[in-house]
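So the chains spell out like this:
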Amino acid sequence: MSLPSSLPSSAPFALPAPAVSSLVARLRAAGCVFAEDEAELLLTTARTPSDLTAMADRRIAGQPLEHVLGWAGFCGRRMAVDPGVFVPRRRTEFLVHQAAALARAVPRRRPVVVDLCCGTGAVGAALAAALAPEPGSPATREPDSPQAGHGIELHAADIEPAAVRCARRNIPPATGQVYEGDLYAPLPTALRGRVDILVVNAPYVPTDAIGLLPSEARDHEPRVALDGGTDGLDVQRRVAADAYQWLAPGGHLLIETSERQAPQTLATFRRHGLAPRLATDDDLCATVAIGTRPKAAGPAGHRPC
């Protein structure tokens, strides 16, 4: 577990030092390695002493800290996280960084970005924030320059109703549209062939490895957000199979994967007509597979099967 960030500077109420020490001791006894930090987060998030007690009891019972707080720190922002919804991981910030860099190079005024398997919508929301125009700053380049600062056209989708409700809080209508459904199914058909950045944090844990996950994930996050099938790549394969027809020429598919699974992910991209490459970050233990749709069709207008 990585601790959420972006704390407020002080608690909304005062708690005697002995009570704070008692809270820390209870958290440590429950197995919370960063008990002092978690106590501070609980103290600065709870609105009343009774609220604090209830939150501490939930955390000690094993609920993920982010579910207890109601938010997770991600890319320097607070993302709403409801109980029963997949918690965005810090390593996924690397996925955002890679997608943002590619979006900035898109030769159109407002890149079209789709966040599939969006969960809380943290990836899409972070991309919208990273690529938002700076208030009051005039565009110093041509209107269609990727650096002109016109933001993005954002669409996000998830199959889990609780995740969609959460994502709509993190991606309000002024920022983008969130749809409920399986992968591409709920997306507007007008997006076919127009998507510049297709960013995906699909489940990639092999079914037999679910039982090895920490109890916070295994017991409190939805199975559909964790289980990637026998080899962990079932959803990735489904995403890659239809990516070509949704991507614009020169558009990019980015999928978070594992170092072990990466060769198979890249092979899947290649099989479906995308030029594959890999990006990694050792500090975050993050691996992102990137597949790019060629800007021109192959011989005789060939499209991958």
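Quick notes on the rules
- Residues numbered from 1 in each chain as written.
- Predicted model: local features only at pLDDT ≥ 70, side-chain atom pairs only at ≥ 80, totals over all residues.
- Heavy atoms only, no water.
- Core = buried A, V, L, I, M, F, W, Y, C linked by side-chain atoms within 4.5 Å.
- Buried < 20%, exposed > 50% of the residue type's maximum accessible area, 1.4 Å probe, protein only.
- Helix = DSSP H or I, 4+ residues; strand = E, 2+ residues; numbered from the N terminus.
- Contact = heavy atoms within 4.5 Å.
- Pairing = 2+ DSSP bridges.
- Phe/Tyr/Trp six-rings, centres within 6.5 Å; stacked < 30°, edge-to-face > 60°.
- Lys NZ or Arg CZ within 6 Å of the ring centre and 35° of its normal.
- Salt bridge = Lys/Arg side-chain N within 4 Å of Asp/Glu carboxyl O.

Trainee: Report on the nonpolar core, specifying residues and quantitative values.
Mentor: With 33 residues, the main nonpolar core has Phe-74, Val-123, Leu-127, Ile-152, Ile-197, Val-199 and Leu-254 as its most contacted residues. Breaking this core down by element, the ones donating at least two residues are α5 (93-104), α6 (122-130), β4 (153-158), α7 (161-170), β6 (195-200) and β9 (286-292). Sorting elements by how many residues they give to this core places α5 first, with seven residues. What Leu-127 contacts, discounting residues up to four positions off in sequence, is Val-96, Ala-99, Ala-100, Val-113, Ile-152 and Val-199.

Trainee: Now, about the pairing of β6: what can you tell me, with residues and values included?
Mentor: Most of β6 sits out of view: six of its six residues are buried. Here strand β3 (residues 112-116) runs beside β6; their pairing, made up of four bridges, is parallel. Residue pairing in the sheet places Val-113 in a bridge with Ile-197 of β6. The sheet contact formed by β6 and strand β7 (residues 247-257) spans five bridges and is parallel. Among the inter-strand pairings, Ile-197 is bridged to a residue of β7, identified as His-252.

Trainee: Before we move on, could you go through the environment of Asn-170 and cite the residues and values that matter?
Mentor: Position of Asn-170 relative to the elements: it lies in helix α7. Distance from Asn-170 to Gly-121, taken between C-alpha atoms, is 6.2 Å for residues 49 residues apart in sequence. Not counting chain neighbours up to four residues away, the residues in contact with Asn-170 comprise Arg-78, Met-79, Ala-80, Thr-120 and Ala-125.

Trainee: Which residues make up the packing of aromatic side chains, and what values do they have?
Mentor: Each pair of aromatic rings is reported with the distance of its centres and the angle of its planes. Inspection of every chain in the model, using the stated rule, returns one aromatic pair. With centroids separated by 5.4 Å and ring planes inclined at 10°, the aromatic side chains of Tyr-184 and Trp-246 adopt a geometry described as stacked. Placement of the pair is Tyr-184 in the loop between β5 (176-180) and β6 and Trp-246 in helix α9 (residues 234-246), with a sequence separation of 62 residues. For the residue pair Tyr-184 and Trp-246, the accessibility class agrees, reading buried in each case. Residue placement shows Arg-78 over the ring face of Trp-71; its charged tip is 3.8 Å from the ring centre.

Trainee: Before we move on, can you summarise the pattern of salt bridges with the specific residues and values?
Mentor: Evaluated as defined, the whole model comprises 14 salt bridges. Glu-256 is the partner of Arg-91 in a salt bridge, and the nearest nitrogen-oxygen pair spans 3.4 Å. Of the two residues, Arg-91 sits in the loop between β2 (77-80) and α5 while Glu-256 sits in strand β7, which places them 165 residues apart along the sequence. Take Arg-91: its relative accessible area is 32%, and that puts it in the partly exposed class. In this structure, a network of salt bridges that share partners links the residues Glu-38, Arg-59 and Glu-216.

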